[in-house]
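# Observations on the model geometry
As a plain string of letters, each chain reads:
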Amino acid sequence: MDHAPILVHRISATGGRRVVIRIRGVDTVLGVAHSDRDLIEFLRRLEVPDPDELVLGDSEVIAWQGGRPHVYDNDNDNDHEA
């Protein structure tokens, strides 16, 4: 989904994924997530309702670029944590 308001970029060379949110047509970098827990915390700070469900429920509001969702490190293919 290219137009999701929350974009989790591909894994960086050093690990982690940059997270961007689009609000009213403006992209804002929230930070680099190294786990689902980080992503949930970014959304919680923005007072997004039910951030746990949004991230762990594989919502269409989040677009994952490059690689599998919930994976944050190139060396670990099973990084799904809450």
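Refer to the preceding data block for the structure.
Residues numbered from 1 in each chain as written. Predicted model: local features only at pLDDT ≥ 70, side-chain atom pairs only at ≥ 80, totals over all residues. Heavy atoms only, no water.

### Overview of the overall build of the protein chain
In plain terms, the rule: Secondary structure elements follow DSSP: runs of H or I of four or more residues count as helices, runs of E of two or more count as strands, with numbering from the N terminus. Each residue is placed in one exposure class: buried if its accessible area under a 1.4 Å probe, protein chains only, is under 20% of its type's maximum, exposed if it is over 50%, and partly exposed if it falls in between. Residue contacts are counted whenever heavy atoms from the two residues lie within 4.5 Å of one another.
Per the secondary structure count, the protein chain includes two helices and four strands. The order of helices and strands in the protein chain, counted from the N terminus, is β-β-β-α-α-β. Split into buried and exposed, the 82 residues of the protein chain put 35% on the buried side. Nonlocal contacts in the protein chain, meaning residues at least 24 apart in sequence, comprise 42% of its contacts between residues at least 6 apart.

### What to know about the pattern of salt bridges
What counts, and what does not: Any Lys or Arg side-chain nitrogen found within 4 Å of a carboxyl oxygen on Asp or Glu counts as a salt bridge.
Scanning the entire structure with this criterion turns up three salt bridges. Among the salt bridges present, the one from Arg44 reaches Glu41, with a minimum N-O distance of 2.4 Å. Here Arg44 and its partner Glu41 are both found in helix H1 (residues 36-45), three residues apart, which amounts to about one turn of the helix. A relative accessible area of 48% means that Arg44 is categorised as partly exposed. A salt bridge links Glu41 to Arg45, with the nearest nitrogen and oxygen atoms 3.0 Å apart. Pair noted here: Glu41 and Arg45 are both in helix H1, with a separation of four residues, about one helical turn.

### Points about H1
We count it as follows: Each C-beta atom gives one direction from the helix axis, and the arc is the one those directions make.
All of the buried residues along H1 are Asp36, Leu39, Ile40, Phe42 and Leu43. One side of H1 holds all its buried residues, which, seen down the axis, span an arc of 155 degrees. Contacts from the buried residues of H1 go to strand S1 (6-11), strand S2 (17-23), strand S3 (26-33), helix H2 (51-56) and strand S4 (62-64). Trailing H1 by a residue or two, Glu47 shows a phi angle of about 60 degrees, which is positive.

### Some thoughts on the side chain of Arg17
Heads up, the rule is: Only four residue types enter the charge count, namely Lys and Arg as positive and Asp and Glu as negative; His and the chain termini do not. Any pair of N or O atoms that falls within 3.5 Å is considered a polar contact. Within protein, one atom must be able to donate a hydrogen and the other to accept it, and sequence-neighbouring residues count only if both atoms are side-chain atoms.
Structurally, the position occupied by Arg17 is in strand S2. One buried charged residue, Arg17, forms no salt bridge at all, with the nearest opposite charge on Asp36 at 7.7 Å. Only 2.8 Å separates the side chain of Arg17 from the backbone oxygen of Gly66, close enough to count as a polar contact.

### Here's the deal with the sheet that holds S2
Rules: In this scheme, strands are said to pair when DSSP sees at least two bridges between them. With axes taken as lines fitted to C-alpha atoms, and helix axes fitted only over the stretch in contact, angles between N-to-C directions fall between 0 and 180 degrees.
The strand order across the open sheet formed by four strands is S3-S2-S1-S4, and the pairing between neighbours is mixed. Two strands lie at the open edges of the sheet, namely S3 and S4, each paired on one side alone. Strand-to-strand twist of the sheet, defined as the mean angle between neighbouring strand axes without regard to direction, takes the value 20 degrees. In the sheet, S1 pairs with S2 via four bridges, with the strands oriented antiparallel. Each bridged residue has a counterpart across the sheet, and for Ile6 the counterpart in S2 is Ile21. The sheet strands contacting H1 are S1, S2, S3 and S4, and the helix crosses S3 at an angle near 140 degrees.

That is the geometry; function is a separate question.
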